[in-house]
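# Report on the structure
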Amino acid sequence: MARLIINGGRPLEGTIHISGAKNSALAIIVAAALATEGESVLENIPRGTDIGTICLILRNLGVEIWFDDKGLLHVKGQTLNKFQAPYDLVRKMRASFYCAGLLLARLGRAEVPLPGGCAIGSRPVDYHIRGFTQMGAEVSIEHGFMKAVAKRLQGTQIYINRASVGTTINLMIAASLAEGTTTLENAAKEPEVVDLAIFLNGMGAKIRGAGTDVIRIEGVDQLRGIEYAIIPDRIEAGTFMCATAITGGDVVLKNVVAEHLRVPIVKMEEAGIIVEKGINELRVRAPERLKAIDVETTPYPGFPTDLQQPLVACMCVAEGTSVVRETIFDRFRYVDELRRMGADIKTERETAIIRGVSQLTGAPVEITDLRAGAALAIAALAAQGETELYGVDILDRGYEHFETKLRALGADVRREVTAEGSDLFEQGYPIEV
Ligand code: UD1
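Once a new chain begins, its residue numbering starts again from 1 and follows that chain's sequence as written. pLDDT decides what is reported in this predicted model: residues at 70 or higher carry local features, side-chain atom pairs at 80 or more are listed and counted, and totals for whole chains, interfaces and linings draw on all residues regardless. Side-chain measures here rest on the full set of heavy atoms in the structure, leaving out hydrogens and waters.

## Overview of the packing of aromatic side chains
For any pair of aromatic rings, the description rests on two quantities: the centre-to-centre distance and the angle between the ring planes. Pairs were defined over the aromatic rings of Phe, Tyr and Trp, the Trp ring being its six-membered one, requiring ring centres within 6.5 Å. Orientation was assigned from the angle between planes: stacked under 30 degrees, edge-to-face over 60, tilted for the rest. Scanning all chains against the criterion turns up three aromatic pairs. An angle of 55 degrees between the planes, with centres 5.9 Å apart, marks the rings of Phe240 and Phe402 as tilted. Note that Phe240 is positioned in helix α8 (residues 234–246) and Phe402 in helix α14 (residues 402–408), a separation of 162 residues in sequence. Whether a residue is buried, partly exposed or exposed follows from its accessible area with a 1.4 Å probe, protein chains only, as a fraction of its type maximum: under 20%, in between, or over 50%, in that order. What makes Phe240 buried here is its relative accessible area of 0%. Aromatic rings pair up to connect Phe240, Tyr399 and Phe402 into one cluster. Against the face of Phe67 rests Arg47, its NZ or CZ located 3.5 Å from the ring centre. Under the DSSP-based scheme used, a helix requires at least four consecutive residues in state H or I and a strand at least two consecutive residues in state E, with every element numbered from the N terminus. The criterion is that NZ of a Lys, or CZ of an Arg, lies within 6 Å of the ring centre and within 35 degrees of the ring normal, and then a charge sits over that ring.

## Notes on the confidence of the model for the protein
Interpretation of this model should avoid reading the predicted coordinates in detail wherever pLDDT is low. Every residue carries a pLDDT, the predictor's confidence in it, which falls somewhere between 0 and 100. In this model, the protein carries a mean pLDDT of 94, and residues with pLDDT of at least 70 account for 96%. Any pair of residues with heavy atoms lying within 4.5 Å of one another is described as a contacting pair. Long-range and interchain partners of residues 429–433, a stretch whose pLDDT sits below 50, account for 16 contacts in this model, where long-range means more than four residues apart.

## Comments concerning the site of the ligand
Taken together, 22 residues sit near the ligand, with Asp126, Ser164, Val165, Asp306 and Ile328 positioned nearest. Polar contact criterion, stated in full: a pair of N or O atoms within 3.5 Å, where within protein one must be able to donate a hydrogen and the other to accept it, and residues adjacent in sequence count only if both atoms are side-chain atoms. Between the ligand and Tyr127, the relevant distance is 2.8 Å, taken from an oxygen atom to a main-chain nitrogen or oxygen of the residue. Between the ligand and Arg162, the relevant distance is 3.1 Å, taken from an oxygen atom to a side-chain nitrogen or oxygen of the residue. Protein burial of the ligand: of its 740 Å² of free accessible surface, 89% is covered by the chains. Contributions of two or more residues to the shell around the ligand are made by α1 (22–32), α5 (126–134) and α6 (165–176). Mapped onto the domain boundaries, the shell around the ligand takes at least three residues apiece from domain 1 (2–19 + 232–427) and domain 2 (22–229). The cutoff for a nearby residue is simple: one of its non-hydrogen atoms must lie within 4 Å of the molecule or strand. Only the protein chains shown count as covering a residue, and every accessible area follows the Shrake-Rupley method with a 1.4 Å probe. Those domain boundaries reflect an automatic or database domain assignment.

## Some words on the layout of surface pockets
Taken as a whole, the second largest pocket holds about 230 Å³ of empty space. Buriedness for pockets is judged along seven lines, at least five of which must meet protein on both sides within 12 Å for an open set on the 1 Å grid over protein atoms alone, while cavities are sets there where a 1.4 Å probe fits but cannot get out, and lining residues have an atom within 4 Å of a point. Surrounding the second largest pocket, 15 residues form its lining, Ile246, Glu288, Val317, Ser358 and Ala382 being those nearest its centre. Where the lining of the second largest pocket is concerned, the elements lending two or more residues are α8 and α12 (370–382). A breakdown of the residues in the lining of the second largest pocket according to their chemical character gives seven nonpolar, five polar and three charged. Grid points are joined across faces, edges and corners, and a volume is the space filled by probe spheres set on the points. Residues are grouped as follows: nonpolar covers Ala, Val, Leu, Ile, Met, Phe, Trp, Tyr, Cys and Pro; charged covers Asp, Glu, Lys and Arg; every other residue, Gly included, is treated as polar.

Now the structure itself:
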């Protein structure tokens, strides 16, 4: 049982390095296993536990995968030989469903557990499955698994509902080795999709249009491993921008692509935050007091749902009333925890109305999902007194060295691991990678 203890009230100051994008890394690591020649050497892979989980799944499928002592991830797909992904690992993370695209493309057969519901609402994979079916796979759902077979996937035209990021990624992976051309319409335009396309093209794929809503993938017979550096994590950057803003701080973020944060920066400026753009870096300075703003989450290039929670944390202490509309997921469960810290928030379906208070107060709170964890930590940094954050393992899934980075900026954060009663509980699943 680990928890973070944060004593609020210290302005964040200094410089931090933003890690590689978790969501890009998850897609690219799976795509790297498409290669049947050479090895991929991946740079900027963040070391959150989600990354460990995807690596372990691939290793279970026969892929050779390891981190070297410089932190570079090596992936050799030649030995991929199992088509059933292990439930115990897949259930931990929705992105593990990308293995379905990989296995169908490489082995013509995939048995992958359906990801369950999660703390941000029901997250089905029906769009992914419809895409595989349209590409000629025979798909059945049996005993909680998606079982699919296809001698070789066939290129076709697919309309992706709701511009789903995961579906776009899974179908790009699948289509890279398909016969003929696959056209993805209403494709996601997120930078992580573009990063994946650049990586796949480097491996020998023929993908055009990534970053627009029509992506064309001309299938090829073989892909080879390459060296590649993942883009910086725009969500981690946005999270630290919020943390700086709420504490009245002044922080330089290194390794940032400002273009990927265009709308969040506009919204933050509207809230009074001063953002200076440099080459691959941003300087963020907080105003005397934040101003309330209205925000709606939408697919890229709109305001990202993954920054909704960190932003709401900031709005809790802003001057005035903010209205935040969440259109992608059911993502307001965490506001109960913010209320325990003194926030004044009302939610009605997909809308949250936040009346800024002058001060939050520290409290024991529970992390309900990854970005909620970031939001609660941000609130805690500004709160008066001590906040105990329970469920830190959720935060560890997607943020590399979270508390170390905060400490480097002057925050009073420590991690406590309780061994009390450990003889009464079984050990958790070890992450070996
Ligand atoms: C990805 C990101 C996540 C981000 C989200 C939206 C990764 C690993 N995760 O999640 O951080 O918050 O994009 O930017 O990259 N949907 C269906 N059926 C499907 C697929 C999706 O109904 O088969 C729905 C979802 O429930 C959601 C919407 O479509 O309401 C968009 O989801 P999607 O873009 O697919 O999100 P993820 O890829 O899961």
